[in-house]
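Letter by letter, the chains look like this.
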Amino acid sequence: MAGISLHNVGKSYGSVEVIPDLSMEIISGEFLVFLGPSGCGKSTLLRMIAGLEELSNGEILIDGTRVDALPPGQRGVAMVFQHYALYPHMTVRDNMAFGLRNIGMSAGEIDRKIADAARILEMDHLLARKPSQLSGGQRQRVAIGRAIVKEPKAFLFDEPLSNLDAALRSRTRIELARLHQQVKATMIFVTHDQVEAMTMASRIAIMNQGRIEQVGTPLEVYRRPRTRFVAGFIGTPAMNILTVRLLGEDKGGAVVALPGGQRVETRVPISGLASSATLELGVRAEHVTTGGGIDGRAEVVERLGDRTFVYARLPDGALVVYEDAGDSTVSVGDPVALGFNPAQVHLFDSAGIGHHAA
Amino acid sequence: MSAPSQARPVRVARRDADAVGRRTAWNALFIAPYMLAFLVLLVVPLGLGMWLSFQDYDMLAGYGGPVGWENYERLLGDRIFLGSVRNTIWFVIISVPAFVGLGLFLALLLNDDSRKSSFFRSIFFGSSVLSVTIVTLVWRLVYMPDRGLLQNIAGMFGLTAPNFMTTEALALPGIAIVTVWWIIGLPMMLFLAALQQIPKEVYEAAALDNASRWRVLVSITLPAIRRTIVLVAVIEVILQFQLFGQANLITNGGPNNASRPIVMFIYEAGFRDWMLGYAAAASQILFVLMLGAAMLQMWIGRQKDGG
Ligand SMILES: Nc1ncnc2c1ncn2[C@@H]1O[C@H](COP(=O)(O)OP(=O)(O)O)[C@@H](O)[C@H]1O
Ligand SMILES: [Mg+2]
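Everything numeric in this text was worked out from a predicted model, so none of it was measured.

### Looking at the site of ligand 1
Residue and element names in this part refer to chain A.
1) Next: Neighbouring ligand 1 are Tyr13, Val18, Pro37, Ser38, Gly39, Cys40, Gly41, Lys42, Ser43 and Thr44.
2) Next: In the environment of ligand 1, an oxygen atom lies 2.6 Å from a nitrogen or oxygen atom belonging to the backbone of glycine 39.
3) Next: Between ligand 1 and cysteine 40 there is a distance of 3.2 Å, counted from an oxygen atom to a backbone nitrogen or oxygen.
4) Next: In the complex, 55% of the free accessible area of ligand 1, which totals 560 Å², lies under the protein chains.
5) Next: Residue composition of the shell around ligand 1, by class: 4 nonpolar, 5 polar and 1 charged.

Have a look at this one:
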């Protein structure tokens with residue numbers, strides 16, 4: 001178990017600045033997920049922690065010890081790669097033993113560790129096989145096993161589930177969460193998939209263009225997105241974002257108007273909003289109610305069984321998605337009347353910063 | 001209404017069957033140019049050579065009819081021929097490991113995308129395009145006793161350079177050095193191509209696993225390119241058994257036949273002494289030697305595959 005500190009970490013490839021200046025504390029024993037769109041610098045950051053990429057700026061500490069000048073093997077971290085990176089000419093057993101032999105561990109101890117890991121991952125029957133004789137899911141297990149036997153201070157995962165099919169992915173998610181409870185090590189997990197982040201993370205760090213937009217528990221980032229980017233990135237379907245105009249204040253909350261003139265009440269304190277040149281309103285599908293004063297017409301109806309998502313076109317051209325019951329009778333072309341739950345409406349100022357109900 | 005639509009699939013199926021038949025016939029035509037060249041330039045000469053090796057065919061004395069194994073029996077008693085077999089095998093034994101070892105070493109050294117590496121890759125490969133005449137001319141200037149580059153360099157340190165062209169024991173190693181210098185580019189390129197197939201992530205995993213450079217080479221790189229090592233060895237065995245030009249131009253087989261290879265013996269028997277049957281028999285022996293060596297290499301390669 002070890003905390004990891006990133007102090008003003010920066011990375012440039014030539015003149016291309018991938019990570020400008022990033023600082024954060026990863027708490028000992030937590031499951032931290034770096035979440036962000038592809039190309040935002042997640043892998044680069046993870047690889048800098050692992051020692052596979054040099055820092056252009058800043059420092060990295062593991063357990064209070066500076067590691068950014070140490071070679072990868074001496075940082076006490078283990079990494080699970082996206083394409084597994086198993087040694088193709090070695091058996092599963094040798095794949096797991098390789099790192100232990102290299103540090104001169106005795107054969108007896110190596111055997112014991114491999115047996116333990118194989119038991120945890122239920123893969124005793126695979127030990128004599130070569131990677132080419134394994135399925136994608138089994139290779140994934142071996143890659144995780146290879147990390148476990150090293151008993152690292154921290155596990156680093158770089159999109160390890162992205163090559164698995166949907167069923168296997170959700171099963172592996174559960175297993176990783178269970179593994180985290182079992183080994184109680186710090187785990188850093190990189191993904192572009194918000195479902196993976198939401199389901200496994202103790203905390204999520206949402207990244208955008210090499211910067212951290214917000215760090216928080218899954219519910220924090222879902223309920224109180226710090227920026228418009230986070231609001232748009234977290235949640236399926238994506239949060240509705242509408243351009244609005246500030247009208248005034250009522251009952252301690254800002255009142256805004258949609259482009260079509262419809263009045264929307266919120267519980268967002270007005271302080272700090274008036275100076276913003278533009279304003280955007282954000283509301284999730286489950287917080288859009290039917291029977292309000294905003295008229296629209298159903299354009300697309302998505303029936304998921306337990307609930308229905310209806311995409312309604314407002315007269316001003318904006319598209320609003322709302323959640324309806326599973327047995328909703330709405331069909332395409334029907335007129336709908338919508339309202340927004342004032343306590344769940346967010347406002348984003350011209351700097352993209354979110355303002356939420358107090 | 002239903003009758004025509006039912007008849008259609010049957011007609012389609014029949015037409016397909018016809019098309020398949022026609023396609024095969026046409027395909028044969030497409031490979032015909034190659035087949036023709038293959039037959040006329042390879043299979044026929046090969047068969048002709050075999051036939052010739054059992055004939056008494058002397059261009060000066062005329063055709064003397066079939067003689068059975070007589071040519072082969074004479075060869076086994078011919079000290080110059082046996083010497084050339086020994087020379088050739090010795091040349092293969094010293095040059096092939098050098099090609100494999102040095103080719104791999106250069107490839108490992110130059111396997112990155114720095115400008116320096118790409119410059120040296122071009123340099124090492126560049127000499128392969130030179131003709132044997134130019135290469136041997138250059139190296140004769142290096143090896144020349146008294147005034148050669150080698151002697152000049154050695155002279156600066158007050159030493160005497162070994163004389164590769166006139167010392168019996170050094171003639172073949174000297175030719176091997178020239179040959180390696182000349183065409184080390186091909187093995188190097190083959191190894192580079194193989195090295196580039198190894199995923200970078202595997203090396204990164206090894207770095208996280210505390211593997212030393214030596215461990216990485218032995219446990220990851222070499223197993224990954226094992227097939228290419230066998231391939232290079234087989235190619236070089238086949239090429240180096242056919243040593244001719246360098247030996248002909250640098251030492252002319254001397255001193256005292258110490259660097260006379262089989263191909264040179266065949267050339268002299270056939271085109272200087274005009275004993276075509278005799279030369280053909282020597283060619284068959286060379287063919288069997290090459291075939292045997294290549295098969296042995298591939299067999300060794302397969303043995304390791306199991307482990
Ligand atoms: N070796 C490199 N040279 C130049 N640019 C790179 C290199 N590696 C990554 N990048 C760039 O850095 C950015 C972040 O890459 P990466 O960390 O792999 O993103 P992510 O893992 O979030 O998808 C990308 O725009 C990518 O093109
Ligand atoms: Mg990535």
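### Looking at the domain arrangement of chain B
1) Next: Per the domain assignment, the segments of chain B are domain 1 (2–52) and domain 2 (70–304).
2) Next: For domain 1 of chain B versus domain 2 of chain B, the distance between C-alpha centres works out to 41 Å.

### Section: the side chain of Asp193(A)
All names here are of chain A.
1) Next: Checked against the element boundaries, aspartate 193 lands in the loop between strand E8 (186–191) and helix H6 (194–200).
2) Next: Salt bridges are absent for the buried aspartate 193, whose nearest opposite-charge side chain, arginine 169, sits at 4.0 Å.
3) Next: For aspartate 193, the side chain forms a polar contact with the main-chain nitrogen of valine 195, separated by 2.8 Å.

### Let's talk about the environment of Arg112(A)
Residue and element names in this part refer to chain A.
1) Next: Within the secondary structure layout, arginine 112 lies in helix H3 (residues 107–120).
2) Next: Its relative accessible area of 45% is what places arginine 112 among the partly exposed residues.
3) Next: Along the sequence, arginine 112 and glycine 333 sit 221 residues apart, while their C-alpha atoms lie 66 Å from each other.

### Thoughts on the environment of Leu130(B)
All names here are of chain B.
1) Next: Relative to the elements of secondary structure, leucine 130 occurs in the loop between helix H4 (115–126) and helix H5 (132–143).
2) Next: Looking at leucine 130, the relative accessible area reads 31%, which means it is partly exposed.
3) Next: On a C-alpha basis, the gap between leucine 130 and tryptophan 182 in space is 7.8 Å, while along the polypeptide they are 52 residues apart.
4) Next: The residues contacting leucine 130, other than those within four sequence positions of it, are Val135, Trp181 and Trp182.

### Considering the packing of aromatic side chains
The relative placement of two aromatic rings is captured by the distance of their centres and the angle of their planes.
1) Next: According to the stated counting rule, one finds 20 aromatic pairs over all chains in the structure shown.
2) Next: For the ring pair Phe244(B) and Tyr267(B), a centre distance of 5.3 Å and an interplane angle of 50 degrees mean the geometry is tilted. On the criterion of sequence distance, the pair formed by Phe244(B) in the loop between helix H11 (226–240) and helix H12 (245–250) and Tyr267(B) in helix H13 (residues 262–271) is long-range, its members being 23 residues apart.
3) Next: Relative accessible area serves as the criterion here: at 42%, Tyr267(B) is assigned to the partly exposed category.
4) Next: A network of ring pairs unites the aromatic residues Phe31(A), Phe155(A), Phe157(A) and Phe189(A) as a single cluster.
5) Next: Above the ring of Tyr222(A), the side-chain terminus of Arg284(A) is found at 3.9 Å from the ring centroid.
6) Next: Directly above the aromatic system of Tyr278(B) lies the positively charged group of Arg74(B), at a separation of 4.1 Å from the ring centroid.

### Overview of the sheet that holds strand E7 (residues 154–158) of chain A
All names here are of chain A.
1) Next: Pairing is mixed across the open sheet formed by 6 strands, whose spatial order is E6-E7-E8-E3-E9-E10. Whereas interior strands pair on both sides, the edge strands pair on one side only; in this sheet they are strand E6 (77–80) and strand E10 (211–216). Here the average twist between neighbouring strands, direction ignored, is 20 degrees.
2) Next: Direction of pairing for E7 relative to E8: parallel, over a ladder of 5 bridges. In the strand pairing of E8, alanine 154 is matched with threonine 186.
3) Next: Taken strand by strand, helix H4 (residues 136–148) contacts E6 and E7, and its axis lies near 175 degrees from that of E6.

### Points about the interface of chain B and chain A
1) Next: Between chain B and chain A, the contact holds 17 residues from the first and 24 residues from the second.
2) Next: In this assembly, chain B packs against chain A so that about 1700 Å² is buried in total across both faces, 59% of it on carbon and sulfur atoms.
3) Next: The largest contributions to the chain B side of the interface with chain A come from Glu201(B), Leu208(B) and Asp209(B), which together make up 42% of the buried area.
4) Next: The interface formed by chain B and chain A holds 2 salt bridges in total.
5) Next: At the junction of chain B and chain A, the tally comes to 11 residue pairs in polar contact (both at pLDDT 80 or more).
6) Next: Taken together, the elements giving at least two residues each to the side of chain B that touches chain A come down to helix H9 (200–208) and helix H10 (213–224) of chain B.
7) Next: Its residues placed into classes, the side of chain B that touches chain A shows 9 nonpolar, 3 polar and 5 charged.

Thresholds applied
Residues numbered from 1 in each chain as written. Chains lettered and ligands numbered in written order. Predicted model: local features only at pLDDT ≥ 70, side-chain atom pairs only at ≥ 80, totals over all residues. Heavy atoms only, no water. Near = heavy atom within 4 Å. Polar contact = N/O pair within 3.5 Å; in protein donor to acceptor, adjacent residues only side chain to side chain. Areas by Shrake-Rupley, 256 points an atom, 1.4 Å probe, with all protein chains shown as cover. Nonpolar A, V, L, I, M, F, W, Y, C, P; charged D, E, K, R; others polar. Domains from an automatic or database assignment. Helix = DSSP H or I, 4+ residues; strand = E, 2+ residues; numbered from the N terminus. Buried < 20%, exposed > 50% of the residue type's maximum accessible area, 1.4 Å probe, protein only. Lys, Arg positive; Asp, Glu negative; His and termini not counted. Salt bridge = Lys/Arg side-chain N within 4 Å of Asp/Glu carboxyl O. Contact = heavy atoms within 4.5 Å. Phe/Tyr/Trp six-rings, centres within 6.5 Å; stacked < 30°, edge-to-face > 60°. Lys NZ or Arg CZ within 6 Å of the ring centre and 35° of its normal. Pairing = 2+ DSSP bridges. Axes fitted to C-alpha atoms, helices over the stretch in contact; angles between N-to-C directions. Buried area = accessible area lost by both parts, 1.4 Å probe.

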